[in-house]
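Tertiary structure, described
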Amino acid sequence: MPLCTVRDCRLALTREQRTLVCPRGHSFDIARSGYVNLLQPQDKKSKDPGDTAAAVAGRRRLHDRGLTQPLLHAIADLARISADDSALDAGCGEGFYLGSLAREIPGHSGHGIDISIPAIEAAAKRYPDCEWIVANADRFIPYAGAAFSIVLSITARMNAPEFRRVLRPGGRLLVALPAPDDLIELRGKGREDRVARTVAEFSQGGGFTLVEQRRATTSAELDTDAVQDVLHSIYRPIQAEAPAAMRVTFSLDLLLFVRV
Ligand SMILES: [Zn+2]
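Please read all numbers here as calculations on a predicted model, not as lab measurements.

Okay, the pairing of strand 5 (residues 86–90) next. By the criterion of burial, strand 5 is predominantly enclosed, with five of the five residues buried. Covered by surrounding structure in strand 5 are Ser86, Leu88 and Ala90 together with Ala87 and Asp89, the residues of both alternating faces. As judged from the five bridges shared by strand 5 and strand 6 (residues 109–114), these two strands associate in the parallel manner. The residue of strand 6 that forms the bridge with alanine 90 is isoleucine 113. Crossover connection from strand 5 via helix 3 (residues 96–104) to parallel strand 6: handedness right-handed. Strand direction decides the pairing type here: strand 5 and strand 8 (residues 148–154), joined by three bridges, are parallel. Within strand 8, the residue paired with aspartate 89 across the bridge is leucine 152.

Given below as structure tokens:
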């Protein structure tokens, strides 16, 4: 169960019918689709923070076309999640990675956090076996210390101190970064290689040790609609001259750390 996010409260929430309540009487409604919005006014900079409904829908269509299956398999292979694990996906988006992993491992407990209401709503509707929370993980991850045995951060913002706090000693952290050749055909140039900087951030004083590193790359021939979905998902304006069908590369650098 998550913790209360009312300023400095942080007591454990318990379920009472269609709400989660803390001992101080703060309460949060459970949405019809099963997620809980724990976002506080001070936790958001805009009225509707995070991914828009259009970006969420575009990303989901790309997953549904099977384009990201090789990336999912690489993540599953490295994370080695078992039924004994309790997993947190911080910045889970519309839930594809956590939800798919949880389906493959019955009995394992999956928890996803994202700041976007449309993303979490889509996750809760499709993957009802996991717990889905709207919250700002940049500030405070609303779970108790040592609550999880594995944290996933998949192309999301990273919060090393909070990842460390919610992980048990010996717990795993899997970070997926967009690799330099990710979507290179649409971006026109390579991205910055973020591996060295990320490894340094987590290992030098961050309280983690890097145990394994891999690159997962796949490419697919996309039709015009799929190209537009990719552009939506990365917030590129729709180009006046719509790009025709083209081959697009999807590429992630995967880093597996252990919490010291
Ligand atoms: Zn409270």
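Next comes the rest of the description.
In total, this model carries 17 salt bridges according to the counting rule given. Arginine 157 is the partner of aspartate 138 in a salt bridge, and the nearest nitrogen-oxygen pair spans 2.7 Å. Separated by 19 residues along the polypeptide, aspartate 138 in the loop between strand 7 (131–134) and strand 8 and arginine 157 in the loop between strand 8 and helix 5 (160–166) bring together distant segments of the chain. By relative accessible area, which is 62% here, arginine 157 ends up exposed.

Moving on, we get to the packing of aromatic side chains. Summed over the entire model, instances satisfying the criterion amount to seven aromatic pairs. Measuring from ring centre to ring centre gives 5.0 Å for tyrosine 143 and phenylalanine 148, while their planes differ by 75°; the resulting arrangement is edge-to-face. Accessibility assignment for this pair places tyrosine 143 and phenylalanine 148 in one class, buried. Judged by centre distance (6.3 Å) and plane angle (10°), the ring pair of phenylalanine 163 and phenylalanine 202 falls under stacked. Here the residue phenylalanine 163 occupies a position in helix 5, and phenylalanine 202 occupies one in helix 7 (residues 195–203), the gap between them amounting to 39 residues. Phenylalanine 202 matches phenylalanine 163 in its accessibility class, with the two residues each being buried. Through pairs of rings, three or more aromatic residues link up here, namely Phe163, Phe202, Phe208 and Phe257. Lying over the aromatic face of phenylalanine 140, arginine 10 brings its terminal NZ or CZ to 3.7 Å of the ring centre.

Rules and cut-offs
- Residues numbered from 1 in each chain as written.
- Predicted model: local features only at pLDDT ≥ 70, side-chain atom pairs only at ≥ 80, totals over all residues.
- Heavy atoms only, no water.
- Buried < 20%, exposed > 50% of the residue type's maximum accessible area, 1.4 Å probe, protein only.
- Helix = DSSP H or I, 4+ residues; strand = E, 2+ residues; numbered from the N terminus.
- Pairing = 2+ DSSP bridges.
- Right-handed = clockwise from strand over helix to strand, strands pointing away.
- Salt bridge = Lys/Arg side-chain N within 4 Å of Asp/Glu carboxyl O.
- Phe/Tyr/Trp six-rings, centres within 6.5 Å; stacked < 30°, edge-to-face > 60°.
- Lys NZ or Arg CZ within 6 Å of the ring centre and 35° of its normal.

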